[in-house]
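So you can see what is in the structure, the chains are spelled out below.
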Amino acid sequence: MDQTICVGAIAGAFGVQGEARLKSFTADPRAIEDYAPLTTEDGRSFDLQITREIANGFAARLTGVRTKEEADALKGVRLYAPRDRLPSLPDDEFYHTDLIGLSVFDTGGAELGKVKAVLNHGATDLLELHTAGKSGTVLLPFTRACVPTVDLTAGRIVADPPEGLLD
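Since the structure is predicted, the reported quantities are computational estimates derived from the model, not experimental observations.

In this approach a probe as big as a water molecule rolls over the atoms, and the regions it shows empty are the leftover space. Size it by volume and the largest pocket reaches roughly 1,300 Å³. Lining the largest pocket are 40 residues, with Phe-25, Phe-94, Tyr-95, His-96 and Val-118 positioned closest to its centre. Of all the elements in the fold, those that place two or more residues in the lining of the largest pocket are β1 (4–14), β7 (78–82), α2 (96–99), β9 (111–120) and β12 (149–151). Element by element, the count of residues in the lining of the largest pocket is highest for β9, at five residues. Partitioned by chemical class, the residues of the lining of the largest pocket number 23 nonpolar, eight polar and nine charged.

Along the chain, Ser-24 falls in strand β2 (residues 19–24). Separated by 2.8 Å, the side chains of Ser-24 and Thr-26 make a polar contact. A polar side-chain atom of Ser-24 sits 2.9 Å from the main-chain carbonyl oxygen of Pro-29. Those residues within four positions of Ser-24 in sequence are excluded, and the remaining contacts are Val-7, Gly-8, Pro-29, Ile-32 and Phe-58.

Quick look at the side chain of Thr-26 now. When you line up the elements, Thr-26 lands in the loop between β2 and β3 (38–39). According to the relative accessible area criterion, Thr-26 is buried, its value standing at 13%. At a separation of 2.7 Å, a polar atom in the side chain of Thr-26 contacts the main-chain carbonyl oxygen of Asp-28. Among all residues touching Thr-26, those that are not within four sequence positions of it are Val-7, Ala-31, Ile-32 and Tyr-35.

As a further point, take the sheet that holds β9. Hydrogen bonds between backbone atoms are what pair the strands of a sheet, whose relative direction is either parallel or antiparallel. One open sheet holds the six strands; their spatial order is β11-β10-β9-β8-β13-β12, and the pairing between them is mixed. The sheet is open, and its two borders are formed by β11 (137–141) and β12, each paired with just one other strand. For this sheet, the mean inter-axis angle between neighbouring strands, taken without regard to orientation, is 35°. The pairing of β12 with strand β13 (residues 156–159) spans three bridges and is classified as antiparallel. Counterpart to Thr-149 in the pairing with β13 is Val-158.

This next bit is on the pattern of salt bridges. Counted by the stated rule, this structure contains five salt bridges. One salt bridge connects Glu-19 with Arg-52, and the closest N-O pair in it is separated by 2.4 Å. Here Arg-52 lies in strand β5 (residues 48–54) and Glu-19 lies in strand β2, a separation of 33 residues in the sequence. By relative accessible area, Arg-52 is classed as partly exposed at 38%. Notably, a salt bridge pairs Arg-44 with Asp-42, separated by 3.1 Å at the nearest N-O pair. Owing to a relative accessible area of 35%, Arg-44 belongs among the partly exposed residues under this scheme. According to the relative accessible area criterion, Asp-42 is exposed, its value standing at 54%.

Bridge count for β5 against strand β6 (residues 57–62) is six bridges, and the pairing is antiparallel. Following the sheet pairing, Arg-52 is matched in β6 by Ala-59. Between β5 and the antiparallel strand that follows it, β6, lie two residues; Asn-56 among them carries a positive phi value of about 65°.

Parameters and conventions
- Residues numbered from 1 in each chain as written.
- Predicted model: local features only at pLDDT ≥ 70, side-chain atom pairs only at ≥ 80, totals over all residues.
- Heavy atoms only, no water.
- 1 Å grid on protein atoms, 1.4 Å probe; cavity = no way out; pocket = protein on both sides within 12 Å on 5 of 7 lines; lining within 4 Å.
- Points joined across faces, edges and corners; volume = space filled by probe spheres on them.
- Helix = DSSP H or I, 4+ residues; strand = E, 2+ residues; numbered from the N terminus.
- Nonpolar A, V, L, I, M, F, W, Y, C, P; charged D, E, K, R; others polar.
- Polar contact = N/O pair within 3.5 Å; in protein donor to acceptor, adjacent residues only side chain to side chain.
- Contact = heavy atoms within 4.5 Å.
- Buried < 20%, exposed > 50% of the residue type's maximum accessible area, 1.4 Å probe, protein only.
- Pairing = 2+ DSSP bridges.
- Axes fitted to C-alpha atoms, helices over the stretch in contact; angles between N-to-C directions.
- Salt bridge = Lys/Arg side-chain N within 4 Å of Asp/Glu carboxyl O.

What follows is the structure in structure tokens.
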């Protein structure tokens, strides 16, 4: 799955005619349709056609899904597109999958932890860091002020966390 990017997820059935609720993770939510066929982690492949916009996503037809029960059985399945079908990004933008697992260091070179996930709850992206010696995680705002350097080639991030964040 290294050469694929998660572009969406199925959120269950929409109606009784086999349509599925689709959450798009692409910058232009409708563009998910352009990247089809999409694959799943277990190797299934789906062409999709968006039929209408609905609350929190789209209703879509997926190849081979004809009933409400079949659509409901796909709830939670993530959809992936080949990286080479996606647009290249400007230097200051990153695919979330490229950040997960990177080591995070402070501006003095001390290791702070590793990126466990990239989250967004509306205001800005947050890097969820698993820090050494702590059982929980820390949420670091993914802003230029807090994360001045991302070096994908070296596999590292330099962070300047807000005062008290890691205490």
